Amino acid sequence: MAHLLPSWRLLRAAHRNSSVSWQCFSRRNFTASGLAFPPPEDLIAIKKLFLSTRPSSATDKVHLQTSFAKGVAKITLSNPRRKNALSPAMMVELSQCVDALERSALDNENDLCAVILTGDDSAFCSGFDLSADPKDFLRPGAGAAFSALMHDTLARFSRLPMISIAAVEGFAIGGGAELTLACDAGAIASNAFVRFVQAHMGVVPGWGGATRLKNLVGHREALRLLTTALKLKPAECVRMGIMSTVADGRSAVDEAVALAREMTHDDEGGALDPRVVRAMKRAVVGGKEVWEAEETRMGHEREVFKGVWGAEANLKAVSHRKKHR
């Protein structure tokens, strides 16, 4: 009987039998069998669609405080019941936070020169919110859409002319681990860990993590971390450069604020001119040629991700709840 089939087989059957064409990414209205996604390059349409999927009772949210501390903004991922996993709507809100920070950077009178990215409650982020409707979001078309959106958002975030710092409490796993790599620095709680669980979930990094991890630790080490899903403890994260400092005796956010102050003040404690800090970040990030080369690599990563998202191994892993094992 159908109801006795393992749920991953039901998902696979729904994937095969859907009347929605995921190959052509046609921009039709909703159908009974799921959402029709716009082409990955149509980010405006993707954002509208993702916001429309949020239930009216949902409490997931991304918050931006532009004056969290002097010269420091803070982005908080808030979805505590799902360990701050990003829902489709939260992905859009994260993009909107980057929009706001880009506008702030255009104001030469603004003293903003650092931004902290953190999670609400006891975790940083556990990647994509897998409680989203599988018939809509566990499909290649959906994977292509949110991968395109997250690549755009995190590329713009990493290029902001302000120092970005991840503040990790609890854990950063899967896509959450990828978020830390888009930051310039990181502070991690002494009892927290970072873990790339994508292979155990039957996928590859979909938010730019493979490219950024390889750039950070090299080809061999990146491949080892991505295939083994090792839990990286704070000291190991610092040794590899994934994190900058361990928060001993205080919160990761407090440690991140201290790190931001250290990086925006001279050795006598005087504040650097915010315009100088922003200029220094622009100089380190590089120009158009660097960005175009990175986008080529990211495009390849998106194509590989699209080929495995919603495939049999991924559906089976989601059904067996392997992410937190």
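Numbers given for residues are sequential positions, taken from 1 along each chain in its written order. Per-residue local features of the predicted model are confined to residues with pLDDT of at least 70, and side-chain atom pairs are confined, for both listing and counting, to 80 or more; whole-chain, interface and lining totals are unaffected and use all residues. As a rule here, side-chain values come from all non-hydrogen atoms in the structure, and water together with hydrogens is ignored.

Student: Whenever I open this one, the overall build of the protein confuses me. Can you help?
Tutor: Counting secondary structure elements, the protein contains 13 helices and 8 strands. Looking at the protein residue by residue over its 325 residues, the buried ones come to 52%. Only heavy atoms matter for contacts: two residues are in contact if any of them lie within 4.5 Å across the pair. In the protein, the share of contacts with a sequence separation of at least 24, taken over all contacts with a separation of at least 6, comes to 71%. Here the Shrake-Rupley method, with its probe set to 1.4 Å, supplies the accessible areas, and only the displayed protein chains count as covering residues. Carbon together with sulfur atoms contributes 53% to the accessible area of the protein, which is approximately 15,100 Å² in total. Strands are runs of DSSP state E lasting at least two residues, helices are runs of H or I lasting at least four, and both sets are numbered from the N terminus onward. In this scheme, a residue with accessible area under 20% of its type's maximum is buried, one over 50% is exposed, and one in between is partly exposed, where area comes from a 1.4 Å probe on protein chains only.

Student: Teacher, can you tell me more about the nonpolar core here?
Tutor: A general tendency of soluble globular proteins is for nonpolar side chains to be buried together. Within the largest apolar cluster, 72 residues are counted, with the highest numbers of intra-cluster contacts made by Phe50, Ile75, Leu77 and Ile242. Looking at which element gives the most residues to this core, the answer is helix H3 (residues 88-105), with 8 residues. With sequence-adjacent residues up to four places away left out, Ile242 is seen in contact with Thr180, Leu181, Phe196, Leu213, Leu216, Leu225, Leu232 and Cys237. In terms of nonpolar packing, the next biggest core, distinct from the first, is built from 15 residues, Cys113, Ile116, Ala185 and Val277 among them. Residues belong to one nonpolar core when they are buried, are Ala, Val, Leu, Ile, Met, Phe, Trp, Tyr or Cys, and are joined through side-chain atoms within 4.5 Å.

Student: What is the right way to read the pairing of strand E1 (residues 61-69) from this model?
Tutor: Within a regular strand, the side chains alternate between the two sheet faces. Whether two strands pair comes down to DSSP finding at least two bridges between them. Bridge analysis of E1 against strand E2 (residues 72-78) gives 6 bridges, and the strand direction is antiparallel. Note that in E2 the partner of His63 across the bridge is Thr76. Taking the residues between adjacent antiparallel strands as the criterion, E1 and E2 are bridged by 2 residues, where Gly71 takes a positive phi near 75°.

Student: Even after reading the chapter, I still don't get the packing of helix H2 (residues 43-52) against helix H5 (residues 140-158), so can you show me in this structure?
Tutor: Helix packing for two helices is described by the angle between their axes and how far apart those axes are. All axes here are fitted lines through C-alpha atoms, helices being fitted over the stretch that makes contact, and every angle between N-to-C directions spans 0 to 180 degrees. For the pair H2 and H5, the least separation of the axes is 10 Å and the interaxial angle reads 110°. The orientation of H2 with respect to H5, classified from their angle, is roughly perpendicular. Here H2 and H5 pass one another in a crossing that is left-handed. Where H2 abuts H5, its residues Leu43, Ile46, Lys47 and Phe50 lie against Ala145, Phe146, Ala148, Leu149 and Asp152. Orientation categories follow fixed angle ranges, with anything under 35 degrees roughly parallel, anything over 145 roughly antiparallel, 65 to 115 roughly perpendicular, and all other angles oblique. Note on convention: the crossing is left-handed when the near helix lies turned anticlockwise from the far helix by less than a right angle, right-handed when the turn is clockwise.

Student: Explanation requested: the packing of aromatic side chains in the structure shown.
Tutor: Within a pair of aromatic rings, the relevant descriptors are the distance that separates the centres and the angle that separates the planes. Here is the rule: rings of Phe, Tyr and Trp (six-membered ring for Trp) pair when centre to centre is within 6.5 Å. Planes less than 30 degrees apart are stacked, more than 60 are edge-to-face, and the remainder are tilted. By the definition in use, this model includes 10 aromatic pairs. Clustering of aromatic rings is evident, with ring pairs tying together Phe37, Phe50, Phe128, Phe137, Phe146, Phe305 and Trp309. Sitting over the face of the ring of Phe193, Lys231 holds its NZ or CZ atom 4.9 Å from the ring centroid. Charge-over-ring contacts are defined here by two conditions on Lys NZ or Arg CZ: a distance within 6 Å of the ring centre and an angle within 35 degrees of the ring normal.

Student: What exactly am I supposed to notice about unusual backbone geometry here?
Tutor: Although it is not a glycine, Asp121 adopts a positive phi angle of roughly 65°. You can see Asp121 is positioned in the loop between strand E3 (114-119) and helix H4 (134-137). Even without being glycine, Ala229 reaches a positive phi, approximately 55°. By the element assignment, Ala229 lies in the loop between helix H8 (219-228) and helix H9 (234-240). In this structure Ala229 comes out as buried when scored by relative accessible area, which is 4%.

Purely geometric numbers; function is a separate question.
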